Amino acid sequence: MDLAKQEKKLRKLEQKAEECLTREQAQKIIRKADKAQRKINDAEAS
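Predicted model, so just to flag it, every value in this text is computed and none were measured.

Engineer: With reference to specific residues and values, describe helix α2 (residues 23-45).
Structural biologist: Relative to the 33 Å expected for 23 residues at 1.5 Å per residue, α2 spans 33 Å between its end C-alpha atoms, a close match to the ideal helical length. The set of residues buried in α2 consists of I29, A36 and I40. Among the structural elements, α1 (3-19) are those in contact with the buried residues of α2.

Structure, rendered in structure tokens:
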């Protein structure tokens, strides 16, 4: 995966997290952010 793409995705998720209104939305954003962060960590480890 492209590292820059995942970092961009994390920034977008951070903006969404600030605007979310429900717990369910927040949990969904957290799951997506965790996945993007794992991809970044895997790319850096390689």
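Engineer: Report on the packing of α1 against α2, specifying residues and quantitative values.
Structural biologist: Put simply, α1 and α2 touch, their axes get as near as 9 Å, and they point 155° apart. Accordingly, the angle class assigned to the pair α1 and α2 is roughly antiparallel. Our pair here, α1 against α2, has a crossing hand that is left-handed. Here L3, Q6, E7, K9, L10, L13, K16 and A17 of α1 come into contact with α2, specifically with I29, K32, A33, A36, Q37, K39, I40 and A43. Tallied by class, the residues present in the contact of α1 with α2 amount to nine nonpolar, two polar and five charged.

Cut-offs and rules
- Residues numbered from 1 in each chain as written.
- Predicted model: local features only at pLDDT ≥ 70, side-chain atom pairs only at ≥ 80, totals over all residues.
- Heavy atoms only, no water.
- Helix = DSSP H or I, 4+ residues; strand = E, 2+ residues; numbered from the N terminus.
- Expected span 1.5 Å × (residues − 1).
- Buried < 20%, exposed > 50% of the residue type's maximum accessible area, 1.4 Å probe, protein only.
- Contact = heavy atoms within 4.5 Å.
- Axes fitted to C-alpha atoms, helices over the stretch in contact; angles between N-to-C directions.
- Parallel < 35°, antiparallel > 145°, perpendicular 65-115°, else oblique.
- Left-handed = near helix turned anticlockwise from the far one by under 90°.
- Nonpolar A, V, L, I, M, F, W, Y, C, P; charged D, E, K, R; others polar.

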